[in-house]
Amino acid sequence: SPNKYEVVITPPLAAAASKDELQDISMRCESIVLPGRNLNTSPDANIYGPLRTVVDGAAFDDSIEMIFNSSPDLRERVFFEKWQRAAFDEETWNVRFYDDYTGIVEIYVLDKSSDENRTYGIALYECYPKTIAAINLAYATNNESIKINVSMNFRLWKSLDLNLYT
């Protein structure tokens, strides 16, 4: 069921948070996308007959969208702003080393049992929050909660399903 999932966020040391804070932020993830992968192909010109294409590489989506329900103090936004600040110096605008601002995001699909066991998982490696979307504030939105949209860049993903290859 697509409404049974768990998100585990492991930020870099520069954006470290307590285990309880990370769990609270992860629990507020209202929606997230399992990323895709595409095999790059090229024509195989070494054969006679109908054209055949062969795989010559793999390409990953390079970002996913995450939407968080905000707490009253917007601590989710503060967390992602802190993570973004790990990528550059606010005084000099110098960019920091890549490994200093990248982390890991794990996404698990859960079963429908009362235990909500993990059935499938994906780990996004070398992640960082590229974009924290603007938040519209208006008097007419009295009964709505603030949503925090984060575009998370990553380099690659790997399946965490241990039963996939057995």
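No experiment lies behind these values; they were computed from the predicted model shown.

Asks: Tell me about the pairing of strand 6 (residues 103-110), and please be specific about residues and values.
Replies: In this structure, strand 1 (residues 5-10) lies alongside strand 6, joined through 6 bridges in antiparallel fashion. In the sheet register, Tyr5 faces strand 6, and the bridge partner there is Val109. Alignment of strand 6 against strand 7 (residues 118-132), held across 8 bridges, turns out to be antiparallel. Paired with Leu110 across the strands is Arg118, a residue of strand 7.

Asks: An account of helix 1 (residues 19-27) is needed here, citing residue identities and associated values.
Replies: Looking at helix 1, one finds that the buried residues are Leu22, Ile25 and Ser26. Down the axis, helix 1 shows its buried residues gathered within 100 degrees of arc, on one side only. In helix 1, the exposed positions angled more than 90 degrees off the buried face are occupied by Asp20 and Met27. In the core, the buried residues of helix 1 are packed alongside strand 1, strand 2 (29-32), strand 5 (63-69) and helix 2 (75-85).

Asks: Residue-level account of the pattern of salt bridges, with values.
Replies: Applying the stated criterion across every chain yields a total of 12 salt bridges. With a shortest N-O distance of 3.0 Å, Arg75 and Asp24 are connected by a salt bridge. Taken together, the positions of Arg75 in helix 2 and Asp24 in helix 1 put the pair 51 residues apart, joining distant regions of the chain. Asp24 gets classed as partly exposed once you look at its relative accessible area, which sits at 25%. Here the salt bridges do not stand alone but share partners, grouping Asp24, Arg28, Asp73, Arg75 and Glu76 into one network.

Asks: Can you break down unusual backbone geometry residue by residue, with the values?
Replies: Most peptide bonds are trans, and most residues other than glycine sit at a negative phi. Backbone geometry at Leu74 places phi at a positive 55 degrees, although glycine is not the residue there. Checked against the element boundaries, Leu74 lands in the loop between strand 5 and helix 2. The partly exposed category is assigned to Leu74, whose relative accessible area is 23%. The backbone of Glu116 sits at a positive phi, close to 50 degrees, despite the residue not being glycine. For Glu116, the position within the fold is in the loop between strand 6 and strand 7.

Cut-offs used in this document
- Residues numbered from 1 in each chain as written.
- Predicted model: local features only at pLDDT ≥ 70, side-chain atom pairs only at ≥ 80, totals over all residues.
- Heavy atoms only, no water.
- Pairing = 2+ DSSP bridges.
- Helix = DSSP H or I, 4+ residues; strand = E, 2+ residues; numbered from the N terminus.
- Buried < 20%, exposed > 50% of the residue type's maximum accessible area, 1.4 Å probe, protein only.
- Arc of directions from axis to C-beta.
- Contact = heavy atoms within 4.5 Å.
- Salt bridge = Lys/Arg side-chain N within 4 Å of Asp/Glu carboxyl O.

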